[in-house]
Amino acid sequence: MTSSEHPARDRASGAADKASDAAGRATASARGAAGKAQSAAADAERHPAARWALSAGQVANGVVHLIIGGIALGVAFGDGGSADQSGAMQALQQSPFGAFALWAVGIALAALAIYSIVSAVSDSRHDKQDGLKSAGRAIAYAVVSATAITAALGGSSDGEQSAQSFSGDLMAQPFGRILVGAIGLGIAAVGAYFVVKGLQHKFREDVAPPQRWSKAVNALGTGGYVAKGAAVVIVGVLFVIAAILHDPEQAGGLDGALQSLTTVPGGVFALIAIALGLMLYGVYCFARAAWPRMR
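Computed from a predicted model, the values in this text were never measured in an experiment.

**Quick notes on the packing of helix α2 (residues 48-76) against helix α3 (residues 85-93)**
- Interaxial distance between α2 and α3 falls to 9 Å at its minimum, and their mutual angle equals 100 degrees. By the angle between their directions, the pair α2 and α3 is classed as roughly perpendicular. Touching Val-63, Val-64, Ile-67, Ile-68 and Ile-71 of α2 are Gln-85, Gly-87, Ala-88, Met-89, Ala-91 and Leu-92, all from α3.
- A breakdown of the residues in the contact of α2 with α3 according to their chemical character gives nine nonpolar, two polar and no charged.

Here's what the structure looks like:
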């Protein structure tokens, strides 16, 4: 090795050390920023306004589920209607309060979505999985909020058409059927999680009722989460069927899932049970609004 090679090697080593130091400082800075954000989120969760946002959002969530359950019950007995969020918004629009009710629901659920985002950041300090769950709830609340606000502004949305259009566009892509099937399995897994959460009373992590109301809340939460989970599982199954048959029209949202029960033997009885369960979930949301377990 010539003497001229030593300075070059030293310069390369020095540059590598500087790059490593810079990367370390950047990582430490990022961790510091994340820690500050998580601490700020934890402080925001304890603010009195957070309880108001949570309670108002859960009341709105309860109203939506009560309406969906009522529409589903009507479908079981031969009435029409769309047993999903868009159908619930149509029902609110036709109520005596009309646009006011839609705006109230939309704003309350938007506040709940923001609260859930804050919770996602705060929860990520201790458990990344809990943070992801809160983020998922934020997305769900934001979607329903957007549906309500769209209706309040005079627009409309169709969950079934959206689901079918989405699956059709996805199937047109390479490996699209696999992706649609994977999405269906993911949706079904979420539904199964709801069922388990209901049966194991894990929902008590979110609500703290007085002792005299404890059994009633347990019954509401168990029935509500099991019914909601069953409905979501059916949505996932429809996506899987659509992927297997390569038919986007087989996919559907909540309304399609509930409507499909009327076409199978004994399905009407299952639909009635799910409809009543969704209404129980709506009342559970009221209990959660009244007695939230703040973190």
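**Some points on unusual backbone geometry**
- In this model, Phe-175 sits at a positive phi of 60 degrees, which is unusual for a non-glycine residue.
- Its place among the elements puts Phe-175 in the loop between α6 (159-171) and α7 (176-199).
- Phi is positive for His-201, close to 60 degrees, though the residue is something other than glycine.
- Structurally, His-201 can be placed in the loop between α7 and α8 (214-245).

**Considering the environment of Gln-173**
- Note that Gln-173 resides in the loop between α6 and α7.
- A polar contact of 3.5 Å, which involves the side chain of Gln-173, links it to the backbone oxygen of Asp-169.

Thresholds applied
- Each chain carries its own residue numbering, running from 1 in the direction its sequence is written.
- Only residues with pLDDT of at least 70 get local features here, since the model is predicted, and only at 80 or more are side-chain atom pairs given and counted; chain-wide, interface and lining totals rely on the full set of residues.
- Side-chain figures throughout are based on the complete set of non-hydrogen atoms in the structure, without hydrogens or water.
- In this analysis an axis means a line fitted to C-alpha atoms, helices contributing only their contacting stretch, and an angle means the value between N-to-C directions, from 0 to 180 degrees.
- Labels follow the DSSP assignment, with helices taken as runs of H or I lasting at least four residues and strands as runs of E lasting at least two, numbered in each case from the N terminus.
- In this scheme, roughly parallel covers angles under 35 degrees and roughly antiparallel covers those over 145, while 65 to 115 is roughly perpendicular and the rest are oblique.
- Whether two residues are in contact is decided by their heavy atoms, any of which lying within 4.5 Å being enough.
- Gly falls in the polar group here, along with every residue not listed as nonpolar (Ala, Val, Leu, Ile, Met, Phe, Trp, Tyr, Cys, Pro) or charged (Asp, Glu, Lys, Arg).
- Think of a polar contact as two N or O atoms within 3.5 Å of one another; within protein, one of them needs to be a possible hydrogen donor and the other a possible acceptor, and neighboring residues in sequence only count if both atoms come from side chains.

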